[in-house]
Amino acid sequence: MIRFEHVTKRYADGTTAVDDLSFEVAEGELVTLVGPSGCGKTTTMKMVNRLIEPTEGRIFLDGDDISAIDPVQLRRRIGYVIQQVGLFPHRTVLENTATVPHLLGWKRGKGRARAAELLDLVGLDPSVYGDRYPEQLSGGQRQRVGVARALAADPPVLLMDEPFGAVDPVVRERLQNEFLRLQAQVRKTVLFVTHDIEEAVRLGDRIAVYGQGSVEQFDSPATVLGAPATDYVADFVGADRGLKRLSVTPVEESDLDRPPVVHLDDPLDRATGRLRAEGARWAVVLDGDGRLHGWIPAGDALSGAKGTVREHARRMEAWLPVGAPLKQAFATMLQHDAGWIAVIDEQSEGRFLGVLTPARLHEALRRSISADDRAVPRAEVAVESVAVVANTAGD
Ligand SMILES: Nc1ncnc2c1ncn2[C@@H]1O[C@H](COP(=O)(O)OP(=O)(O)OP(=O)(O)O)[C@@H](O)[C@H]1O
Ligand SMILES: [Mg+2]
């Protein structure tokens, strides 16, 4: 969808901001560009919508060489969220959002309707926020308006330059989650710039790690974390890569323990008798379709109680869908102070699969790190020839 072929940008003063850059972003893919300040990320983005012209090399959009496309036409196909949001202070939120439809000459009513729809999509009620001015919004709300505005003309491509850079970590995480949900719906081809490796890992289908002088690695988040291609990348992703890997390693069915199971309509005395005989301290309660209902304690807690399991089952607070990241599993355990959490299959209406324990979580993490180290010896990681973003001037 977006292809860089040997693209170099030298500014008039001799600064080489981007040097022989080649890579490709597939349709519907979200690629994060991560790297230190001044390494050429913004320059890369601005060459895609021709705010900056490359010195050498070519960029293709959907197969077309963009140097042959009229810049105004080109920008209609590309939404752009600039560093620092850049809302117009004297226009309302709704007018800001409708900027591009307005430029495209849409009828006023149609533009405003589209803007309202988009504000809704990014979680801002247009009837509450539509008539406010940017200064009457929080930083996080302003960034959402920035995203809505970039989506207004429904462009297939989005360039986002540190769109969540100006907010605190809590709001940032919420915006990231919202954006992931949104992206799952709209499936744009996205180039997303960030300083923050955590953000790059959470959002990116693939990550381009820019260094001083080269793009050092262009790979999936799991590979960048599990098998950094160079010492520079290893340094950049940090010593706590085990922790970061928690966010990119999913809970799999093979990670789960199978605890004893009872059914809602089992007579209680029979169920607890069986559990006692097995030496179990608790059991998972399922309904007739194998869906998770809750749990019951075994042992003496229910001794003498009558009826069926149904009347004595307790609510299950700690559960999550299979495929969720280990990090979420870990957070759920901490939040509910739980020694184990139930894992269900959302695809089959919540069928119970098993439970994840801290020991199994740890095993899953170790396995995921060592599998990568085995599969991709560090020195041999294919650094797609993304190469080279130089900052010869240094800074
Ligand atoms: N118009 C310009 N003239 C000369 N040099 C420039 C110009 N614009 C940017 N540069 C230089 O090009 C290099 C790359 O800049 P760029 O804005 O692409 O960096 P960046 O990776 O986006 O940084 P940041 O994370 O701080 O936004 C820097 O050294 C910068 O000083
Ligand atoms: Mg920048």
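Note that the coordinates shown come from a computational prediction; the quantities given were computed from them, not determined experimentally.

K.L.:
Honestly, helix α13 (residues 268-278) in this entry has me stumped. Any pointers?
P.N.:
Turn by turn, an α-helix covers 3.6 residues, leaving residues three or four places apart pointing in a common direction. Inspection of α13 places Leu-268, Ala-271, Thr-272 and Leu-275 among the buried residues, and these make up the whole buried set. The buried residues of α13 all sit within an arc of 90° when viewed along its axis, so they share a single face. Opposite the packed face of α13, turned more than 90 degrees from it, sit the exposed residues Asp-269, Arg-270 and Ala-277. Contact partners of the buried residues in α13: β11 (261-263), β12 (282-286) and β13 (292-297). Gly-279 occupies a position one or two residues after α13 and carries a positive phi of about 75°.

K.L.:
When you look at the pattern of salt bridges in this model, what are you seeing that I'm missing?
P.N.:
Counted under the stated rule, the structure contains 18 salt bridges. Among the salt bridges present, the one from Arg-310 reaches Asp-265, with a minimum N-O distance of 2.9 Å. Note that Arg-310 is positioned in the loop between β13 and β14 (314-315) and Asp-265 in the loop between β11 and α13, a separation of 45 residues in sequence. A salt bridge links Asp-287 to Arg-291; its shortest N-O distance comes to 3.2 Å. In this structure Asp-287 comes out as buried when scored by relative accessible area, which is 17%. By relative accessible area, Arg-291 is classed as partly exposed at 27%. Salt bridges linked by common partners bring Asp-287, Asp-289, Arg-291 and Glu-349 together as one network.

K.L.:
Explain the packing of helix α7 (residues 139-151) against helix α8 (residues 169-186) to me, please; I cannot follow it from the model alone.
P.N.:
How two helices pack is summed up by the angle between their axes together with the distance between the axes. At their nearest, the axes of α7 and α8 sit 10 Å apart, and the two run at 20° to each other. In terms of axis orientation, α7 runs roughly parallel to α8. Of the two possible hands of crossing, α7 and α8 adopt the one that is right-handed. Contacts from Gly-140, Gln-143, Arg-144, Val-147 and Leu-151 in α7 reach Val-171, Arg-174, Leu-175, Glu-178 and Leu-182 in α8.

K.L.:
Would you mind showing me how to read the site of ligand 1 here?
P.N.:
Around ligand 1 there are 15 residues in total, and Ser-37, Gly-38, Lys-41, Thr-42 and Thr-43 lie nearest to it. Here an oxygen atom of ligand 1 and a backbone polar atom of Cys-39 are 3.2 Å apart. One of the side-chain N or O atoms of Lys-41 is found 2.7 Å from an oxygen atom in ligand 1. For ligand 1, whose unbound accessible area comes to 640 Å², protein coverage reaches 68%. Of all the elements, helix α1 (residues 41-48) adds the most residues to the shell around ligand 1, at three residues. When the residues that make up the shell around ligand 1 are grouped by side-chain class, the tally is three nonpolar, nine polar and three charged.

K.L.:
Please clarify how unusual backbone geometry should be interpreted in this entry.
P.N.:
Negative phi characterises most residues that are not glycine, and trans characterises most peptide bonds. Even without being glycine, Asp-20 reaches a positive phi, approximately 55°. Along the chain, Asp-20 falls in strand β2 (residues 16-25). The class of Asp-20 is partly exposed, set by a relative accessible area of 30%. In this model, Glu-349 sits at a positive phi of 55°, which is unusual for a non-glycine residue. Topologically, Glu-349 is positioned in the loop between β16 (341-345) and β17 (351-356). The class for Glu-349 is exposed, based on a relative accessible area of 61%.

Calculation notes
- Residues numbered from 1 in each chain as written.
- Chains lettered and ligands numbered in written order.
- Predicted model: local features only at pLDDT ≥ 70, side-chain atom pairs only at ≥ 80, totals over all residues.
- Heavy atoms only, no water.
- Buried < 20%, exposed > 50% of the residue type's maximum accessible area, 1.4 Å probe, protein only.
- Helix = DSSP H or I, 4+ residues; strand = E, 2+ residues; numbered from the N terminus.
- Arc of directions from axis to C-beta.
- Contact = heavy atoms within 4.5 Å.
- Salt bridge = Lys/Arg side-chain N within 4 Å of Asp/Glu carboxyl O.
- Axes fitted to C-alpha atoms, helices over the stretch in contact; angles between N-to-C directions.
- Parallel < 35°, antiparallel > 145°, perpendicular 65-115°, else oblique.
- Left-handed = near helix turned anticlockwise from the far one by under 90°.
- Near = heavy atom within 4 Å.
- Polar contact = N/O pair within 3.5 Å; in protein donor to acceptor, adjacent residues only side chain to side chain.
- Areas by Shrake-Rupley, 256 points an atom, 1.4 Å probe, with all protein chains shown as cover.
- Nonpolar A, V, L, I, M, F, W, Y, C, P; charged D, E, K, R; others polar.

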